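Residue-level structure breakdown
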Amino acid sequence: MYDFESDYSQWRELKLSHRTQQSKLEIVPIANPNALSQSELVSLATLCQNDNFAIYRLGQPSLASKASIRSMTSQLGMLSLDQNLCADNDSISSIKIMELGHTRGYIPYTANALNWHTDGYYNSLHEHIHSFLLHCIQNAAKGGKNMLINHELIYIQLYDKSPALITALMQADALTIPANIEGGVERRSAQSGPVFYRDPSINTLQMRYTARSRSIEWKQDTVLLRAVNMIEELLSDNEFTLNYTLQPGEGLICNNILHGRSAFTNGNIPEQQRVMYRARSYNRLFSGEQLSNALPQ
Ligand SMILES: [Fe+2]
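Note that the structure is a prediction, hence the values are computed from the model and not measured.

1. With respect to the sheet that holds strand 4 (residues 114-117)
Reading across the sheet, the four strands line up as 4-17-7-15 and stay open at both edges, with antiparallel pairing between neighbours. A strand with exactly one partner marks an edge of an open sheet, and here the two such strands are strand 4 and strand 15 (242-244). Averaged over all pairs of adjacent strands, the angle between strand axes in this sheet comes to 15 degrees, irrespective of strand direction. Pairing of strand 7 (residues 146-149) with strand 15, which is carried by three bridges, proceeds in the antiparallel orientation. The residue bridging L148 from the neighbouring strand is L242, located in strand 15.

2. Concerning the nonpolar core
One finds C48, F53, A54 and I253 to be the most contacted residues of the largest nonpolar core, which totals 63 residues. Excluding its chain neighbours within four sequence positions, the residues that come into contact with C48 are F53, A54, I253, N255, L285 and F286.

3. Topic: unusual backbone geometry
Positive phi is not limited to glycine here, since N203 has a value of about 55 degrees. The phi dihedral of S215 falls on the positive side, at around 60 degrees, and the residue is not glycine. Structurally, S215 is set in the loop between strand 13 (204-207) and strand 14 (217-218).

4. A word on the packing of helix 4 (residues 151-161) against helix 6 (residues 222-236)
Direction vectors running N to C along helix 4 and helix 6 enclose 125 degrees, while the axes themselves pass 11 Å from each other. Compared by their axis directions, helix 4 and helix 6 come out oblique. Viewed along their axes, helix 4 and helix 6 form a crossing whose handedness is right-handed. Of the residues in helix 6, those in contact with I154, Q157, L158 and K161 of helix 4 are A227, M230, I231 and L234.

5. Quick word on the pairing of strand 10 (residues 185-188)
Sheet topology places strand 9 (residues 180-182) next to strand 10; three bridges connect them, and they run antiparallel. Each residue of the ladder has a partner; that of N180, found in strand 10, is R188. Here strand 9 folds back onto strand 10 in antiparallel fashion, the turn holding two residues, of which G183 has a positive phi close to 55 degrees.

6. Focus on the environment of S131
You can see S131 is positioned in strand 5 (residues 131-138). Classification of S131 as buried rests on a count of 28 C-beta atoms within 10 Å. Each C-alpha atom of the pair S131 and I149 lies 14 Å from the other, and the pair is 18 residues apart in sequence. Setting aside chain neighbours within four positions, we find S131 in contact with M78, I253, C254, N255, N256, S281, N283, R284 and L285.

The rules we used
- Residues numbered from 1 in each chain as written.
- Predicted model: local features only at pLDDT ≥ 70, side-chain atom pairs only at ≥ 80, totals over all residues.
- Pairing = 2+ DSSP bridges.
- Helix = DSSP H or I, 4+ residues; strand = E, 2+ residues; numbered from the N terminus.
- Axes fitted to C-alpha atoms, helices over the stretch in contact; angles between N-to-C directions.
- Core = buried A, V, L, I, M, F, W, Y, C linked by C-beta atoms within 7 Å.
- Buried ≥ 20, exposed ≤ 12 C-beta atoms within 10 Å, placed from the backbone.
- Contact = placed C-beta atoms within 7 Å.
- Parallel < 35°, antiparallel > 145°, perpendicular 65-115°, else oblique.
- Left-handed = near helix turned anticlockwise from the far one by under 90°.

Written out as structure tokens, the structure reads:
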């Protein structure tokens, strides 16, 4: 495997040649989410190795329960799941419009568009979300399309403009998320960290990013601010962006790549009320030793 820093040009070449193209977006059929076959695992692992994500489709959408999604996460190597403020007891969140309760007001739980981000950008680095699974139970009458771009490709586009932009984004205090205080109680402390960084345990390129401008603080550094503007520009119109609206029974797995969602409108019947199950993990996909031994390198 090439290293994104020491073997940059080979790594760059490989990433660009293996990237997914919109017209060739491949969907992996899955017969039984409770027992993925070796060939299903190999197909998913190969797509993830190439471009950090894969989309699957269950043969029978009705087989998707919280238990079967949970089972899939373990089979994919997502062993340690994030129990965030909005997840249920089984660590799987139901993402749908919520007008009441503790998720009220969080954009994922509204019909609004979600701008570009990586998940858990507000977490501390030791709790970085390395992967997530998003499974569609029901889609909306209109909208709710996902936009995806492998963050490694944004790294390449920035590096090609100037390596100094990458250096600025790798500063340990590039992006600070102020503490989350609700009703006078601190639910999360302030988090400072880089935008791009190397995970020292698995030597992969990670990204923490949000396009939102409220409740975040960028380090006031000229090159960094130029890099942040450049990311915004690159994300607003990029040949590498993939668009896909998940249908019931389909799901996305990824190594926490950049993503967003368009606004949606639910219909009047229950089948047109958008519901997604989401699991987030501190593990990278297919990183379990047992799993990586079973898969081709
Ligand atoms: Fe997200």
